[in-house]
Amino acid sequence: MTRKFKWRHLYLWLVFIVLYAPIIFLVVYSFSAGTTMNNFHGFTWSHYQDLFADSRLIAIFLDTLLIALLSSVLATTIGTLGALGINNTTRPVARNTILSLNNILMVSPDVIIGASFLIFFTALKIPLGFGSVLLSHIAFSIPIVVLMVLPKIQEMGTSLLDAASDLGANNWQLLSQVIVPYIMPGIFSGFFMALTYSLDDFAVTFFVTGNGFTTLSVEIYSRARQGINLEINALSGLMFLLALILVIGYYFINQYSSRHRAAARGRRS
Amino acid sequence: MQRKQKLTRNTAYFVPYTLWIVLFVIAPVILLIYQSFFNIDGQFTLGNYQTYFTSSTYLMMTVNSVWYAFLITLATLLISYPTAYLLNETKHPQLWLLLIIMPTWINLLLKAYAFIGIFSQVGIANQFLSFIGIGPKQLLFTNFSFIFVAAYIQIPFMVLPIYNAVSELNPSYVNASRDLGATPWQTFSRVIFPLTLPGVKAGIQAVFIPSLSLFMLTRLIGGNKVITLGTAIEEHFLTTMNWGMGSTIGVVLIIAMVIIMWLTGGSKRRPRKGLTK
């Protein structure tokens, strides 16, 4: 029995190691004094120094961050309002149609989203660059926000809203003081997902970015096509750190909201 | 009064969201289909479809693309199913799941870039092959490396839905099957696998569709030897500027997507990030 147990763990550990080895490999070589990813040549911070001295890359990083923050704030706002609207839609047919339309951008391959947005922007004569990338990122982040917020709204139930209305709350008070505080964990999860979607996107941005504007993913792609450059390793070290912070942040929000829910349930009973 | 108030609230919420659906969901798809009827000179024609369905290059490319997507999905499934199953039997499955899913939060391009280093001529993979006596091989820019890296990237997206199905499996069915004298293989093939099939289908859907369109991997890892539908679309839109033909391939890709969703049942959403449950 114990022997069997060990075999199982061995398989899981193997999958686990294979999944993490390339990432650790990248980060380890970001500290190597050499210029290739073949032999470790002794510890150095020089690639990180190069990275911070590369003003072009820093500008691209800031642009990427700006796009991510702006697009997720706007997508979260539109998506949350959309989820509230969907929740108010009582006819099942209308509701299912809207939900199917909502999910189209989630199941479509990135290439299709990118190509069709490119045609769309060209048809409307929207110049390719910051604006088109921002609009695309808002567009593909909205559905995930809706999917994260909607369950929270459904969990809320109507009695709370009715009580607030009976006590004389107007629409705005209802929204700002009852609904939004209640669904805040859902809004936060949606915001986080939108943020990571935007930071991670390559294919859609690649199609709609034009010549003047670049995000980190597109820049990594064009540099990687030229071969190994340990500055990218240093960049991946920093992005790994960022991803770690985002995951931990997301995890704690989830933990907090489930604890919160448990506490609320405890008080009620 | 009450109903009227609810109605105004409803429409006010809905304006930006409806605008989004019309402008960014419906309009682009219609424009893509519309564009597919125009040739490179901007004339209306059915020629793109005619070229596509009569040219052996395009048809071979499509068959190849589907074949590689199938191989990637199969490899991913063979690795992910046992992973998901064993995951469910550990003491802290949620923690393990989080660890399996974590790599999806790392930028895909960086993971592809890592493999350029790992699979290079004197890279760590070849050093290992030399060490065990096989000797260095050309690894980067081969079909094998394309399938390997694509499977590597997709594993978490396959593990998650299968894990969800396995964790919902009632263990008493498995116990009943064993008590009634079924061999381990019979228990698996007659009880466990059929009951977790919805998870497997969702996983196949989550892996197969993106595998048809991974153009960055065919460029960076596959060395342009494998041309997928996604690569062809990217090439037509951004290199040869033949948007009509690119849109035609796009329409084919959409049809392929619909067929796969129909085969795997329903339009379950595809979590592009692991933590979306």
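Chain B goes by ABC transporter permease in an unreviewed UniProt entry, where it is assigned to Lactiplantibacillus dongliensis. The Sequence similarities (unreviewed entry) comment attached to chain B in UniProt states, word for word, "Belongs to the binding-protein-dependent transport system permease family. CysTW subfamily." Reading the Subcellular location (unreviewed entry) entry of the UniProt record for chain B gives the comment "Cell membrane".

In the nomenclature of an unreviewed UniProt entry, chain A is known as ABC transporter permease of Lactiplantibacillus dongliensis. The record held by UniProt for chain A lists under Sequence similarities (unreviewed entry) the comment "Belongs to the binding-protein-dependent transport system permease family. CysTW subfamily."

Draft legend 1. The overall build of chain A, seen in detail. Secondary structure summary: chain A contains eleven helices and zero strands in total. Secondary structure elements of chain A, listed N to C terminal, follow the sequence α-α-α-α-α-α-α-α-α-α-α. For chain A, buried positions account for 41% of its 269 residues. Within chain A, residue pairs in contact and separated by at least 24 positions form 80% of the contacts whose partners lie at least 6 positions apart.

Draft legend 2. Region of interest: the interface of chain B and chain A. The partner chain A presents 64 residues to the 72 residues of chain B that form the contact. Within the residue set of the side of chain B that touches chain A, elements represented by two or more residues are α1 (2–35), α3 (56–89), α4 (93–101), α5 (108–118), α9 (184–211), α10 (215–220), α11 (229–239) and α12 (243–263) of chain B.

Draft legend 3. Structural view of the UniProt feature "domain: ABC transmembrane type-1" (unreviewed entry) in chain B. With numbering aligned to this structure, UniProt lists the feature "domain: ABC transmembrane type-1" (unreviewed entry) at residues 62–264 of chain B. Taken as a whole, residues 62–264 of chain B contains 77% helix and 0% strand, while its terminal C-alpha atoms sit 20 Å from one another.

Draft legend 4. Layout of the environment of M102(B). Turning to its location among the elements, M102(B) is positioned in the loop between α4 and α5. Between the C-alpha atom of M102(B) and that of T196(B), which follows or precedes it by 94 residues, the distance is 24 Å.

Draft legend 5. How the structure looks around the UniProt feature "transmembrane region" (unreviewed entry) in chain B. All names here are of chain B. Here, the residues flagged by UniProt with the feature "transmembrane region" (unreviewed entry) are residues 12–34, 66–88, 95–119, 139–163 and 241–263. With 100% helix and 0% strand, the stretch residues 66–88 has end C-alpha atoms that lie 32 Å from each other. As a span, residues 241–263 carries 91% helix and 0% strand, and end to end its C-alpha atoms are 34 Å apart.

Draft legend 6. A look at the environment of F193(B). Residues and elements named next belong to chain B. Tracing the sequence through the fold places F193 in helix α9. Overall, F193 belongs to the partly exposed group, with 13 C-beta atoms counted inside 10 Å. C-alpha separation for the pair F193 and A27, spaced 166 residues apart in sequence, amounts to 41 Å.

Draft legend 7. Looking closely at the UniProt feature "transmembrane region" (unreviewed entry) in chain A. Residue and element names in this part refer to chain A. Under the UniProt annotation, the feature "transmembrane region" (unreviewed entry) is placed at residues 12–37, 57–84, 104–124, 130–153, 174–196 and 234–253. Structurally, residues 104–124 is divided into 86% helix and 0% strand, and its ends, taken at the C-alpha atoms, are 22 Å apart. Secondary structure across residues 234–253 comprises 100% helix and 0% strand; the distance between its end C-alpha atoms is 29 Å.

Reading the values: rules and limits
- Residues numbered from 1 in each chain as written.
- Chains lettered and ligands numbered in written order.
- Predicted model: local features only at pLDDT ≥ 70, side-chain atom pairs only at ≥ 80, totals over all residues.
- UniProt positions renumbered as here; feature names shortened; annotations may be inferred.
- Helix = DSSP H or I, 4+ residues; strand = E, 2+ residues; numbered from the N terminus.
- Buried ≥ 20, exposed ≤ 12 C-beta atoms within 10 Å, placed from the backbone.
- Contact = placed C-beta atoms within 7 Å.

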